[in-house]
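As a plain string of letters, each chain reads:
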Amino acid sequence: RHVPDEISTLLSMTQPLKLRGYQKWDIFCKAVHNIMNNPLLPADNKGVMVALRPVPGLRVEQALTLCRPNRLGDIMTIGDNRLVMFLTFCRINDLDTALNHIFPLPTADIFSNRMIWFEDKQITAEIVEMRAVTADRWNAPLPMTTDKTPVVNAVHDGHSWRRYPKPHRLTDAQGGQPQ
Ligand code: C2E
Ligand code: C2E
């Protein structure tokens, strides 16, 4: 059991606007639910939710590897063979601009179908539908999407991680005179 992970998940759910990137289906639903129920955020202007279905031959797990949100509060999940994103504070007219920032390819090349929700009531109703999707229909991301960058050159000594610096010699590649 990874207790620290559970705590960080709980903490992050209290502040969904501080999440970014892939979230498990249930965490995603909870985060969007919390955003919709946050009275500090403007009514019907909290963001856009979009569900994208990959073109035939492309798995949703593969589409996820192309999805690179930059803005804090932009989150996505995969399940039911759809990629669902919530784009915080994005206006409906700006959806294509935002998607162009997030995907390295034109989205029409990756997805054949999309559904969009942007009013609080619509988003809330869709989240109710999404919560009814059971865990066996959630898609699991490919390992490369979730893998943390490994700690470079560190060894666990049974208590904690220690870095062992490696000496590097700076050579004079230009062949000039050393100072
Ligand atoms: P952030 O909102 O988490 O966005 C992180 C990065 O995503 C930005 O880095 C930028 O590269 C990209 N990004 C996010 N939203 C947009 C957008 O609407 N258009 C474009 N072209 N790129 C976007 P950057 O620019 O270094 O900004 C770092 C942080 O500074 C942002 O984090 C945000 O907190 C703040 N920030 C910068 N410019 C603005 C702004 O015009 N309005 C607001 N509200 N915050 C800004
Ligand atoms: P823009 O880059 O043409 O983006 C226009 C609008 O598209 C944004 O309006 C926002 O509604 C949406 N949008 C674009 N990229 C993203 C994204 O990565 N995530 C989400 N959730 N929405 C996105 P907004 O926020 O009023 O920003 C207006 C303009 O201000 C942006 O035009 C951009 O020029 C600048 N800007 C805003 N935030 C940032 C930022 O964090 N970094 C930089 N460099 N510029 C920003």
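Each remark here, short or long, concerns the structure printed above.
I will try to describe carefully the structure that is included in this document. Note that the structure is a prediction, hence the values are computed from the model and not measured. (Residues numbered from 1 in each chain as written. Chains lettered and ligands numbered in written order. Predicted model: local features only at pLDDT ≥ 70, side-chain atom pairs only at ≥ 80, totals over all residues. Heavy atoms only, no water.)

Next up on the list: helix 2 (residues 25-36). Here helix 2 contains twelve residues, and its C-alpha end-to-end distance of 17 Å stays within 8% of the 16 Å for a straight helix at 1.5 Å per residue. Within helix 2, burial applies to Trp25, Ile27, Phe28, Cys29, Ala31, Val32, Ile35 and Met36. (Helix = DSSP H or I, 4+ residues; strand = E, 2+ residues; numbered from the N terminus. Expected span 1.5 Å × (residues − 1). Buried < 20%, exposed > 50% of the residue type's maximum accessible area, 1.4 Å probe, protein only.)

Moving on to the site of ligand 1. Inspection of the region around ligand 1 gives Asn70, Arg71, Leu72 and His101 as its neighbouring residues. Contact distances for ligand 1 include 2.9 Å between an oxygen atom and a side-chain N or O atom of Arg71. In the model, an oxygen atom of ligand 1 is placed 2.8 Å from a nitrogen or oxygen of the Leu72 main chain. Burial of ligand 1 by the surrounding chains reaches 24%, relative to a free accessible area of 780 Å². Taken together, the residues of the shell around ligand 1 break down into one nonpolar, two polar and one charged. (Near = heavy atom within 4 Å. Polar contact = N/O pair within 3.5 Å; in protein donor to acceptor, adjacent residues only side chain to side chain. Areas by Shrake-Rupley, 256 points an atom, 1.4 Å probe, with all protein chains shown as cover. Nonpolar A, V, L, I, M, F, W, Y, C, P; charged D, E, K, R; others polar.)

Let's shift gears to the nonpolar core. Core analysis: the largest hydrophobic core is formed by 20 residues, its most contacted members being Cys67, Leu83, Met85, Leu87, Phe103 and Phe111. Elements with a contribution of two residues or more to this core: strand 2 (47-54), helix 3 (60-65), strand 3 (74-79), strand 4 (82-88) and helix 4 (95-102). For this core, the element with the highest residue contribution is helix 4, accounting for four residues. Excluding residues that lie within four positions of it along the chain, Leu87 makes contacts with Lys46, Gly47, Val48, Asp74, Leu95, Ala98, Leu99 and Ile102. If you look at the next biggest cluster of nonpolar residues, it comprises 19 residues, including Leu19, Leu41, Ala51 and Ile127. (Core = buried A, V, L, I, M, F, W, Y, C linked by side-chain atoms within 4.5 Å. Contact = heavy atoms within 4.5 Å.)

Moving on: the site of ligand 2. In the neighbourhood of ligand 2, the contacting residues comprise Arg71, Asp74, Leu87, Thr88, Phe89, Cys90, Arg91, Asp94, Thr97, Ala98 and His101. Thr88 is positioned such that a nitrogen or oxygen atom in its backbone is 3.0 Å from a nitrogen atom of ligand 2. Contacts to ligand 2 include Asp94, whose side-chain N or O atom sits 3.2 Å from an oxygen atom. Relative to its free-state accessible area of 770 Å², ligand 2 is covered by the protein chains to the extent of 48%. Elements that contribute at least two residues to the shell around ligand 2 include exactly strand 4 and helix 4. Broken down by element, the residue count for the shell around ligand 2 peaks at three residues, all from helix 4.

Let's shift gears to the pairing of strand 2. With seven of eight residues buried, strand 2 is to be regarded as a mostly interior element. One ladder, built from six bridges, connects strand 2 with strand 4; its direction is antiparallel. In the strand pairing of strand 4, Ala51 is matched with Val84. Bridge count between strand 2 and strand 5 (residues 111-117): six bridges; the pairing is antiparallel. Its bridge partner lying in strand 5, Leu52 is registered against Arg114. (Pairing = 2+ DSSP bridges.)

Per the stated rule, a full pass over the model turns up one aromatic pair. On the numbers, 5.4 Å between centres and 75° between planes, the contact of Phe103 with Phe111 is edge-to-face. Judged by its relative accessible area of 6%, Phe111 is buried. (Phe/Tyr/Trp six-rings, centres within 6.5 Å; stacked < 30°, edge-to-face > 60°.)

All right, on to the side chain of Asp74 then. Within the secondary structure, Asp74 is located in strand 3. This buried residue, Asp74, is left without a salt bridge; Arg71 holds the nearest opposite charge, at 4.9 Å. Within polar-contact distance, the side chain of Asp74 engages the backbone nitrogen of Thr88 at 3.1 Å. Contact partners of Asp74, with chain neighbours within four places excluded, come to Leu19, Arg20, Gly21, Pro69, Phe86, Leu87, Thr88 and Ile102. (Lys, Arg positive; Asp, Glu negative; His and termini not counted. Salt bridge = Lys/Arg side-chain N within 4 Å of Asp/Glu carboxyl O.)

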